[in-house]
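Architecture and fold: a report
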Amino acid sequence: MKKTSNDWRSHFAPGGYGVHLFPEFEKRAKDAATEVFRVKTPQEGADVVLELARSAGARKVVSVTSPLQQAAGIEAACKAAGIEFYGDRDSIAEHAPTADIGISGVEFGIAESGSVCQDVYAIESRLVSTLPPIHIVFLDSNLIVAGISDAFEIIAKVFDRGYVTLITGPSRTADIEVVLTIGVHGPIRLVVIAVDEKP
Amino acid sequence: MAEQNRNIRKEIKEKMQQEPLQVNLGKFVERYPVLRAAAMENAGDVEALREAIKKMKADTVNRIEEIADRFEAEATKRGVNVFRAANGEEVVRYILELAGRHGAKKVVKSKSMATEEIDLTRHLREHGFQVCESDMGEWIIDLAHHRPSHMVLPAIHLSRFQVSELFSKEMGREIQPDISYMIHSARDYLRKDFLNADIGITGANVGIAETGTIVLVTNEGNARFATTLPRIHVVLMGYEKLVPKITDAGLILRMLPRAATGQLLTSYTTLIGGPTPVMVQREGRWVEETREMHVILLDNNRLKAANDARFKEVYQCIRCGSCLNVCPVYGIVGGHVFGGHTYAGGIGAILTALISGMSDFEKFHELCIGCYRCTEVCPGKIDIPGLIEELRVRAVKEKGLPFITRQLFDNVMANRKVFHSLLRAASVAMKPLASGTNKTLIRHLPLFFSGLAKDRSLPAIAERPFRDRAADVIKRPENPIGRAAFFSGCTMDFVLPDTGESIVKVLQDVGYEVVFPMGQTCCGKPVSAMGDLETTRKIARINLEAFEQVQADVIISGCPTCVETLESYGELLKDDPKWRDTAAAFSAKVREFSSFVAGEYEKQGRMQKTTGGPSVTYHDSCHLKRVLGVYTEPRRLIEAAGCELREMKDPDKCCGMAGVFGLKYTELSMKILGQKMQNIKDTGAEIVACACSGCMVQIQGGLDKQVPNVRMKHVADILAESIERRKNNP
Ligand code: SF4
Ligand code: SF4
């Protein structure tokens, strides 16, 4: 899969990130209407996905892969639960407009703003994260940086060309009578599954 | 909006009666400071951040050509087509050619002020394009055929009921006026436009030179759609969006969402560098191709501004809209009235002048009352009222003043004797009109002559001006610690002579010998505010001559606007070899009354909270607080005078009178004053104090009608009374 960088991790400032920043991240993310689930193992993450799919009545999932998702065995779990699953580029292009859930991975989280940084150079990553009403992302809970500046320090090191988005909550607007309304063009729900154990 | 012959007074009346605008804007203006403050809580040192943004942007504009070249080179290297457009016509032509090559006719747009500026949507439609405005606010005003009335919330002037009508008509079914339902219906309805579009057009919030990258900051997700689904992406951005490095973009991002909407980051902050993949259907199969990416750098007079020593400051603008959100005038009339073709508010006046020209600017620049509120919040630290004043000066230089004003300035303002005898005559003529005590309704007094006062009561000119009383109150202390020359200003001299007396008493009480040079006249502000610097210089010379003779250590004024003007004499006369040095020495001696006395009280160990006085609420004069930076001193003096200080809501919000504005736009001025009255009333204080003679006149006028049991006093009056009390009960 095409990426802006295949090596985000080696550009984190030593000591500049860690799970100790997770509580702050979680608070800020929730303030921005993100749903946050912290789990120990990737498999527990798969359970969260299935439960979400069940409660939302989801029938169709499009997903790009990441090491955490692979470890969680998302594809097999979905299929076993009778949910349509599309994971390769062409089928994502075909099904993303009608899928109920998109699943993808993110590079890191930002404590200051509760955002996640996603490398979406590949077209399938963007289709998965923009079109379906529910967007679920897998995050390594150890990879939280403190501030927006830290995030841009990292981006400055990896970014030459490509497409990167810092996502902070679901899409929103206040364009009618200044009333905050969640769910405009982008996803209506953003779910972060933060996994503690490395796969 | 009639752009040709605007009747601003009529527009104001209409807007003030437009309920949705009043309700929505009112709600937003109330909520904004709270949201902003909450968002700034974890931003670290906000002042340092503003300073860093200002510096980075100022450095960038100083080498804008170099930065633009770098951007172009880096973007081109990565496969982007970069086009530099001199104006809107060139943009339209470029897009038409591009679309022609691809047989493209369907465009989806995300929000961009630059496209508004050049009416891109209209032009493309005229050429047969199907254009979808995908930002919710933009789509709404597009359906209504309106212009945006706010940078961030373009449809803020419409109600849910109006939107529901627009949506029902467009979607061909009844859309109930439930906001959430309306938004979700629009989401479904617009989806097809995204999926079918050939070209996505976006703006850019930042353009990064080192990598030729653009940054998009959105909440709705439409810009990500517009850069993901269509096979061509066109970016239109002004040169002011360029910054050197990715980390510079990070700097802006720490501030922009916080300042714009009180968010820590918006839902989507997107960096795009070079063309990205796109999926297209070819013969029933999905294939990946490379999206064409075009970046159009729009000049439209921006580069001219970049080369103007004063106006390159506008490059420090990050288009956050904060200046609108705190502007007392904008908060009532919105951007359709206080705005030009595209840009609203004070910064809008400046951008309009630079981009569209002076005639568009001249129609609404007077709505800026120079209260400086915007300068406290602006992330780029732009001197918005200062730049507007500079534009006024340039307009006068180019076109001259209207005939009557010219006559008035030449024959009255530049001649003290004529001016003062007219004021005395006014006192006699007005007698039957002035009801009871000194009821006055004019701030910059001399405007009384300019024939603009027809909508309101005339100011009550005191029977005996201060200059006739000076000799009675001036008593040389035994061992004076210095000599203070008192500059009264017209208002204190002719309208508030009692306060003039208080000032003298307080200065004498701290041990100064006070002198009052009789040759002094108006400070010149009413004239300089109209852009006439030549007459201002003449007035300055009259004052310099008067003060040269008294050899004072300090020159004291109880009017912050006078202080500012007197302090500017040095600069004003720097090219006048005869007066240059005198003017500089004079300006260096000028002190504002309350901060000067506070310093003396401090030195003399008198700055102690005491009791026994009345309850007082304090109004911050715009200029005293934001230009001179004085706001703790008057409060501490009030407490030292034994008064109980009760803070009102928004103590530093303008009282609504500023020169020509208060006279010409009476309803608006009165509405701003009305808010002040309510806030004063709510404190339950017996007295409202301030340290500015201009505000005193305006607030007194409001109190008389609306809160008759509260009295208006200058801090000098409060101090003089406490000195009196102390003398009587030692
Ligand atoms: S100085 Fe005051 S009136 Fe003028 S733009 Fe700024 S906030 Fe508005
Ligand atoms: S002038 Fe300052 S406050 Fe106004 S939009 Fe520009 S950056 Fe924001």
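Residues numbered from 1 in each chain as written. Chains lettered and ligands numbered in written order. Predicted model: local features only at pLDDT ≥ 70, side-chain atom pairs only at ≥ 80, totals over all residues. Heavy atoms only, no water.

All right, on to the site of ligand 1 then. Around ligand 1, a shell composed of C327, P328, G346, C368, I369, G370, C371, Y372, R373, C374 and P385 of chain B is seen. By residue class, the composition of the shell around ligand 1 is eight nonpolar, two polar and one charged. (Near = heavy atom within 4 Å. Nonpolar A, V, L, I, M, F, W, Y, C, P; charged D, E, K, R; others polar.)

What follows concerns the packing of helix α9 (residues 160–171) of chain B against helix α10 (residues 179–196) of chain B. All names here are of chain B. Where α9 meets α10, the axes come as close as 11 Å, and the angle between the chain directions of the two elements is 30 degrees. Considered as vectors, α9 and α10 are oriented roughly parallel to each other. α9 and α10 meet at a crossing whose hand is left-handed. Between α9 and α10, the residues in contact are R160, V163, S164, F167, E170 and M171 and I179, M182, S185, A186 and Y189, respectively. Of the residues contributing to the contact of α9 with α10, the split by class is seven nonpolar, two polar and two charged. (Axes fitted to C-alpha atoms, helices over the stretch in contact; angles between N-to-C directions. Helix = DSSP H or I, 4+ residues; strand = E, 2+ residues; numbered from the N terminus. Parallel < 35°, antiparallel > 145°, perpendicular 65-115°, else oblique. Left-handed = near helix turned anticlockwise from the far one by under 90°. Contact = heavy atoms within 4.5 Å.)

What follows is about the nonpolar core. Core analysis: the largest hydrophobic core is formed by 122 residues, its most contacted members being F108 of chain A together with I214, I350 and L367 of chain B. Broken down by element, this core gets its largest block of residues, nine residues, from helix α12 (residues 246–261) of chain B. If you look at the next biggest cluster of nonpolar residues, it comprises 72 residues, including C490, I556, I638 and I718 of chain B. (Core = buried A, V, L, I, M, F, W, Y, C linked by side-chain atoms within 4.5 Å. Buried < 20%, exposed > 50% of the residue type's maximum accessible area, 1.4 Å probe, protein only.)

The next point concerns the site of ligand 2. Surrounding ligand 2, one finds 13 residues, the nearest of these being C317, C320, G321, C323 and C378 of chain B. Considering only residue class, the shell around ligand 2 consists of 10 nonpolar, two polar and one charged.

Okay, the environment of I156 of chain B next. Tracing the backbone shows I156 of chain B in the loop between α8 (136–144) and α9. With a relative accessible area of 3%, I156 of chain B lands in the buried category. Distance in space between the C-alpha atoms of I156 of chain B and R591 of chain B is 44 Å, their sequence separation being 435 residues. Dropping the residues within four chain positions of it, I156 of chain B is found in contact with V178 of chain A together with P20, L21, N24, L25, F28, S149 and H150 of chain B.

Turning next to the packing of aromatic side chains. Using the criterion set out here, one finds 17 aromatic pairs over all chains in the structure. Measuring from centroid to centroid gives 6.1 Å for W8 of chain A and F108 of chain A, while their planes differ by 55 degrees, and the two rings are tilted. Placement of W8 of chain A in the segment before α1 (22–31) and of F108 of chain A in strand β5 (residues 108–110) is noted, with a sequence separation of 100 residues between them. F108 of chain A carries the same exposure label as W8 of chain A, and that label is buried. Ring centres of F487 of chain B and F547 of chain B lie 6.1 Å apart, and the angle between their planes is 35 degrees; this geometry places the pair in the tilted category. Here F487 of chain B, found in the loop between β13 (482–486) and α23 (489–494), pairs with F547 of chain B, found in helix α26 (residues 533–548); they are 60 residues apart in sequence, far enough to count as distant. Given a relative accessible area of 5%, F547 of chain B falls into the buried group. Members of the aromatic cluster, each reached through a chain of ring pairs, are W8, F12, Y17 and F108 of chain A. The ring centre of Y121 of chain A lies 5.1 Å from the NZ or CZ of K2 of chain A, which sits over that ring. The ring of Y189 of chain B carries K192 of chain B above its face, with NZ or CZ at 4.2 Å from the centroid. (Phe/Tyr/Trp six-rings, centres within 6.5 Å; stacked < 30°, edge-to-face > 60°. Lys NZ or Arg CZ within 6 Å of the ring centre and 35° of its normal.)

By definition, a disulfide links the sulfur atoms of two cysteines through a covalent bond. Applying the stated rule across the entire model yields zero disulfides over all chains. Free of any disulfide, C522 of chain B has its nearest cysteine sulfur in C490 of chain B, 3.9 Å distant. (Disulfide = S-S within 2.5 Å.)

Here the focus is the sheet that holds strand β2 (residues 60–63) of chain A. Residue and element names in this part refer to chain A. What the six strands build is an open sheet, ordered β1-β12-β7-β4-β2-β3; its pairing is parallel. What marks the edges here is a single partner per strand, and that holds for β1 (35–39) and β3 (84–86). Neighbour to neighbour, the strand axes of the sheet diverge by 20 degrees on average, direction disregarded. Relative to strand β12 (residues 189–195), β1 runs parallel, the two being bridged by five bridges. Bridging from a neighbouring strand, E35 pairs with V191 of β12. Helix-sheet contacts for α1 involve β1, β7 (134–140) and β12, and the interaxial angle to β1 is about 155 degrees. Each of β2, β4 (101–105) and β7 touches helix α6 (residues 123–130); the most contacted strand, β4, lies at about 130 degrees to it. (Pairing = 2+ DSSP bridges.)

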